[in-house]
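Chain by chain, the residues run as shown.
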Number of protein chains: 2
Amino acid sequence: MAALPPGLLGTLDPTSDRAVFRQIADQLREAIAKGRFAEGAKLPSEAELTDHFGVSRMTVRNALSILQSEGLASAEHGRGVFVRPRPPVRRLASDRFAQRHRDQGKSGFTVEAEAVGSRPEVDSLVVREERSTPEMSARLGSARKVLARRRRYLLDGKPVETATSYLPLDIARGTPIAEPNPGPGGIYARLEELGHRLDHFEEEVRARMPAPDEVKTLRLAPGVPVIHVVRTAFDTDGRAVEVCDTVMAADAYVLAYRLPAT
Amino acid sequence: MAALPPGLLGTLDPTSDRAVFRQIADQLREAIAKGRFAEGAKLPSEAELTDHFGVSRMTVRNALSILQSEGLASAEHGRGVFVRPRPPVRRLASDRFAQRHRDQGKSGFTVEAEAVGSRPEVDSLVVREERSTPEMSARLGSARKVLARRRRYLLDGKPVETATSYLPLDIARGTPIAEPNPGPGGIYARLEELGHRLDHFEEEVRARMPAPDEVKTLRLAPGVPVIHVVRTAFDTDGRAVEVCDTVMAADAYVLAYRLPAT
DNA sequence: TAGTGGTCTAGACCACAGT
DNA sequence: CTGTGGTCTAGACCACTAA
C-alpha cells in the first residue's frame with residue numbers, strides 16, 4: 001500500500017480538545033472544500049488513513065462516517081469512499097400547475113424530463129380504495145373512504161420522488177381517475193372535465209431524514225434528507241378535490257415559489 | 001444494573017442476513033413507533049442493551065447511532081439516550097409578505113411569535129458592506145458591492161433560523177436600511193418609503209444536511225436537516241431589490257405556499 | 001488474488017450527570 | 001460515588017470489486 005502524497009492532508013494536533021476522529025473529518029472536509037478531492041474522486045482508503053494519522057481503524061471509520069452523515073461522501077463496498085457528486089437537480093417552477101401545462105397530452109413530469117434530456121419513468125403504480133386517515137379527512141373535508149393513487153418517479157433510472165394522490169370517492173369512483181392510466185393531462189385534466197374547475201393549490205413543505213423504507217424506495221445515500229410536500233387542490237367552489245403526498249430526494253430538487261407582496 | 005423488562009424488546013434472529021446492529025436498531029425503532037417509549041423517554045442504556053442482546057458495546061452504539069442519524073433519538077452525555085421530542089413548529093404562511101403585515105410596527109417574526117405565546121429574540125446582528133459573490137450579482141443584477149444584514153432568530157431561547165439579506169448599495173447606502181435597527185416594519189417598509197414598491201417575491205427551497213458551523217449556530221441535534229431558502233424581492237419595475245438567504249432548522253418549520261391553477 | 005469497506009469483539013480510559 | 005455516554009485500541013472474519 002502506497003503512502004499518501006505529502007501535503008494532501010495535514011497532521012493531528014495532540015494538544016487539541018477536539019476528538020481525533022473529528023480532526024480527521026475536519027481535514028478531509030477541508031480538503032474536499034479546497035478541491036483537493038474532486039466530485040466523484042476517491043478518498044484515501046481506511047488503511048491509508050490509519051497509516052497516515054497513526055490511529056486505529058475504528059477512529060478512521062468514525063471520521064469517514066461523519067462525512068457521510070453530512071452528505072459529503074459515500075462509501076461503496078469493495079471500492080472505496082468517494083466524494084459525493086451532486087446529482088442534476090429537478091427544478092419545480094412556481095407555475096408548474098398552470099393551465100397550459102395541463103393542455104398538453106403528456107404529464108408534467110414527462111414533458112419536463114424530456115425537455116432537459118432525461119429519460120423519465122413512472123412505476124409502482126397502485127390505484128385502490130382505502131379508508132381515510134383522520135388527517136386526510138381533515139384535509140379533504142371528511143370522506144370515509146378515498147381513492148389512493150401511488151406511484152414512483154425516476155429520472156434516468158434513478159428514483160427521485162414518490163407520490164400518493166388521495167381523492168374523495170364521490171368524485172373519483174367510476175371515472176378515468178380510478179384507472180391506472182387516467183389519460184392525457186393526468187388527473188387534473190380529468191377533474192376539470194368532471195366539472196371541478198381548479199382554482200388553486202396549497203402546498204406544505206417540510207424536510208426531515210428519511211425512514212428506512214424511504215431510503216430503500218428512493219435509493220437514498222446516507223446524509224440525504226427528504227423534502228415532504230403535501231399539496232391540496234381546490235376547485236372554484238372552494239372544495240378540496242385532491243391531496244397529494246409527495247416525498248422527494250432532497251439532493252435532486254429545488255422548489256421555486258412566487259409570493260405576492262400585496 | 002437491572003435487566004430490561006421482558007417483552008419490551010424482542011430477540012435477535014441469528015439466521016438473518018441483516019446485521020446485528022441493524023436488527024437492534026429495527027427493534028428500538030419499532031418500539032418507539034408503537035409508543036413503548038414515549039417522546040422524551042429514556043431508551044435502555046448501552047449496558048442494558050449489551051446485556052439484553054448479548055453483544056458488544058460497539059454493536060449497540062452502532063445501533064443507537066442509526067436512530068440518531070434518523071432523527072429519532074438523541075444522546076445526552078452522562079444521562080442517556082432519549083426519544084427525540086418534536087419541537088413546536090413555526091408555520092410560514094403563504095401570505096407572510098402581504099402588505100398588511102408590513103403596516104404594523106413590529107417585525108413579522110416578533111408578531112408571529114407573540115401570537116403563539118413564544119418569546120422571540122434576534123441576535124448576531126451584523127450590518128456591513130461586502131463584495132458581491134457571482135451568484136449574488138446574478139440575482140441582484142450585478143452590483144460590485146452589497147449591503148449584508150446578518151441575523152439569527154430564536155424562539156424561547158432556541159435558535160431556529162439564520163438569515164442574511166443582501167441589498168444593492170445604490171439602494172441601501174446611507175438609508176435606515178444600513179442601520180442595525182431599520183425601524184418599524186423592517187427593511188421592506190423602508191424600501192417602499194424609498195420608492196421601491198414591492199411587487200412580488202421568488203423563493204427557492206432546498207433541503208440538505210447542515211455544515212458543522214450551521215450545527216453550531218442553530219444548535220442542531222444529529223439527524224436534523226436544514227431548509228435553505230433563497231428569496232428575491234422584486235419591485236414594480238421588475239428590479240431585484242433584495243436577496244435573503246435563510247437557513248432554517250428543519251424540525252422547527254413548515255412552509256406553506258399557494259399556487260395558482262391558471 | 002489483493003484491496004476495499006462491513007461487521008463484530010473485548011477490552012481500556014475519559015468526561016459528564018446526578019445522588 | 002455510580003451510571004451514563006464519548007473516545008480509542010488491536011485485533012478478527014466477512015463480502016464485495018476489480019484486475
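Residues numbered from 1 in each chain as written. Chains lettered and ligands numbered in written order. Predicted model: local features only at pLDDT ≥ 70, side-chain atom pairs only at ≥ 80, totals over all residues. Heavy atoms only, no water.

Under an unreviewed UniProt entry, the name given to chain A is GntR family transcriptional regulator, and the source organism is Streptomyces sulfonofaciens.

1. Side note on the overall build of chain A
Of the regular secondary structure elements, chain A holds nine helices and 10 strands. Computed over C-alpha atoms, the radius of gyration of chain A comes to 24 Å, more than 25% over the 18 Å expected from 2.2 N^0.38 for 262 residues, which places it beyond the range of a compact globule. Summarising its shape, the C-alpha atoms of chain A cover approximately 70 × 45 × 40 Å along the three principal directions. The buried share of chain A, taken over its 262 residues, is 49%. (Helix = DSSP H or I, 4+ residues; strand = E, 2+ residues; numbered from the N terminus. Rg over C-alpha atoms; globule rule 2.2 N^0.38 Å. Buried < 20%, exposed > 50% of the residue type's maximum accessible area, 1.4 Å probe, protein only.)

2. Focus: the interface of chain B and chain A
Bring the parts together and some accessible area is lost; that lost area is often taken as the interface size. Each partner contributes residues to the interface: chain B has 39 residues there, and chain A has 39 residues. For the pairing of chain B and chain A, the buried interface totals around 3300 Å² over both sides, and the portion due to carbon and sulfur atoms is 59%. It is B:Tyr257, B:Leu259 and B:Ala261 in chain B that bury the most area against chain A; as a group they hold 21% of the surface buried on that side. Our count for the chain B to chain A interface comes out at four salt bridges. (Contact = heavy atoms within 4.5 Å. Buried area = accessible area lost by both parts, 1.4 Å probe. Salt bridge = Lys/Arg side-chain N within 4 Å of Asp/Glu carboxyl O.)

3. Some words on the protein's contact with DNA strand D
Of all residues adjacent to DNA strand D, which total 24 residues, the nearest are A:Val20, A:Ser56, A:Thr59, A:His77 and B:Arg57. Counting only atoms of DNA strand D within 4 Å of the protein, the sugar-phosphate share comes to 67%. One of the side-chain nitrogen or oxygen atoms of A:Arg79 is found 3.3 Å away from a phosphate oxygen of DNA strand D. Here the surface near DNA strand D is built from residues that sort into eight nonpolar, eight polar and eight charged. (Near = heavy atom within 4 Å. Polar contact = N/O pair within 3.5 Å; in protein donor to acceptor, adjacent residues only side chain to side chain. Nonpolar A, V, L, I, M, F, W, Y, C, P; charged D, E, K, R; others polar.)

4. Side note on helix α8 (residues 186–193) of chain A
All names here are of chain A. Of all the eight residues making up α8, seven are buried; the element is thus mostly covered by neighbouring parts of the structure. Listed in full, the buried residues belonging to α8 are Gly 186, Ile 187, Tyr 188, Ala 189, Arg 190, Leu 191 and Glu 192. Immediately beyond the C-terminal end of α8, within one or two residues, lies Gly 195, with a positive phi of roughly 95 degrees.

5. Section: helix α1 (residues 20–33) of chain A
Taking 1.5 Å of rise per residue, 14 residues should cover 20 Å, and α1(A) covers 20 Å from first to last C-alpha, within 8% of that figure. Structurally, α1(A) contributes buried residues whose contacts are with α2 (46–53), α3 (57–69) and β2 (80–83) of chain A together with α9 (212–217) of chain B. (Expected span 1.5 Å × (residues − 1).)

6. So, the pattern of salt bridges
Close approach of charged atoms allows side chains of opposite charge to pair. Residues and elements named next belong to chain A. Scanning the model with the defined rule gives 52 salt bridges over all chains in all. The partner of Arg 190 in a salt bridge is Glu 193, and the shortest N-O contact between them spans 2.8 Å. Taken as a pair, Arg 190 and Glu 193 lie in helix α8 at a separation of three residues, close to a single helical turn. Relative accessible area serves as the criterion here: at 58%, Glu 193 is assigned to the exposed category.

7. A few points about the side chain of A:Thr164
All names here are of chain A. The topology assignment puts Thr 164 in strand β6 (residues 158–168). Side chain to side chain, Thr 164 and Arg 150 meet in a polar contact 3.4 Å long. Ignoring sequence-local partners within four residues, the contact set of Thr 164 consists of Ala 148, Arg 149, Arg 150, Arg 151, Val 243, Cys 244 and Asp 245.

8. Regarding the packing of α1(A) against α3(A)
Residues and elements named next belong to chain A. Here α1 crosses α3 at 50 degrees, and the two axes come no closer than 8 Å. Considering the angle they form, α1 stands oblique to α3. The chirality of how α1 crosses α3 is right-handed. Packed against α1, whose contacting residues are Val 20, Phe 21, Arg 22, Ile 24, Ala 25, Leu 28, Arg 29 and Ile 32, the element α3 presents Thr 59, Asn 62, Ala 63, Leu 64, Ile 66 and Leu 67 at the interface. Taken together, the residues of the contact of α1 with α3 break down into 10 nonpolar, two polar and two charged. (Axes fitted to C-alpha atoms, helices over the stretch in contact; angles between N-to-C directions. Parallel < 35°, antiparallel > 145°, perpendicular 65-115°, else oblique. Left-handed = near helix turned anticlockwise from the far one by under 90°.)

9. A look at the packing of aromatic side chains
Residues and elements named next belong to chain B. For the coordinates displayed, the defined rule picks out five aromatic pairs over all chains. Their ring planes at 50 degrees and their centres at 4.6 Å tell us that Phe 109 and Tyr 153 sit as a pair that is tilted. Of the two residues, Phe 109 is situated in helix α5 (residues 108–115) and Tyr 153 in strand β5 (residues 145–155); the sequence distance between them amounts to 44 residues. Overall, the relative accessible area of 5% leaves Phe 109 in the buried class. (Phe/Tyr/Trp six-rings, centres within 6.5 Å; stacked < 30°, edge-to-face > 60°.)

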